[in-house]
Amino acid sequence: MNRVYVCNCFGVTEAQVKQHAADGACTPRQIASASKAGTDCGSCVRSIQALLGRGTCPRRELADQGQPVLAGLDAGLETTLNEAA
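Before going into details, it helps to say that this report is about the structure given with it. Keep in mind that this is a model prediction, so the values were computed, not measured.

**A short note on the overall build of the protein**
Thinking step 1. When its secondary structure is counted, the protein shows five helices and two strands.
Thinking step 2. Secondary structure elements of the protein, listed N to C terminal, follow the sequence β-β-α-α-α-α-α.
Thinking step 3. Here the protein holds 85 residues, and the buried ones make up 31% of them.
Thinking step 4. Here the contacts in the protein between residues at least 6 apart in sequence split such that 60% fall between residues at least 24 apart.
Thinking step 5. Surface summary for the protein: the accessible area is close to 5600 Å², and the carbon and sulfur share equals 46%.

This is the structure:
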C-alpha cells in the first residue's frame, strides 16, 4: 500500500486528511482536532492547508449557527491513534 504521510509526527496520511475534510473539517485546526496532525512540530500545516484548498466548507452554516460540526470525527481520531500505534 502506498501511503503519503502529511504528518510524520503522528503518522497521518493524505488520505486521512482528505477523509476528515470530506467529513466536514474545513480548517487545519479542525483537522488537528480530528487527527492531531499539525499539533506537534507544525511543519505539516501548510500541506494540510494545500489539501483543504480554498473550497467552500460544507458545514460552515452549522458553525455559523453555533452547532457542533465535528461531532462525528471523534471516532476518526480514535481510529487514527490506533493506526499510528
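**Some details on the pattern of salt bridges**
Where charged atoms of side chains with opposite charge meet at close range, the side chains can pair.
Thinking step 1. Considering all chains together, one arrives at one salt bridge under this definition.
Thinking step 2. Put simply, lysine 18 and glutamate 14 hold a salt bridge, and the shortest N to O gap is 3.1 Å. One end of the pair is lysine 18 and the other is glutamate 14, both in helix H1 (residues 14-22) and four residues apart, which spans about a single turn.

**Thoughts on the environment of glutamate 14**
Thinking step 1. Overall, the relative accessible area of 26% leaves glutamate 14 in the partly exposed class.
Thinking step 2. Expressed as a C-alpha distance, the spacing of glutamate 14 and valine 4, which sit ten residues apart in the sequence, is 5.7 Å.
Thinking step 3. Ignoring any residue separated from it by four or fewer positions in sequence, one finds glutamate 14 in contact with Val4, Val6 and Leu51.

What counts, and at which threshold
- Residues numbered from 1 in each chain as written.
- Predicted model: local features only at pLDDT ≥ 70, side-chain atom pairs only at ≥ 80, totals over all residues.
- Heavy atoms only, no water.
- Helix = DSSP H or I, 4+ residues; strand = E, 2+ residues; numbered from the N terminus.
- Buried < 20%, exposed > 50% of the residue type's maximum accessible area, 1.4 Å probe, protein only.
- Contact = heavy atoms within 4.5 Å.
- Areas by Shrake-Rupley, 256 points an atom, 1.4 Å probe, with all protein chains shown as cover.
- Salt bridge = Lys/Arg side-chain N within 4 Å of Asp/Glu carboxyl O.

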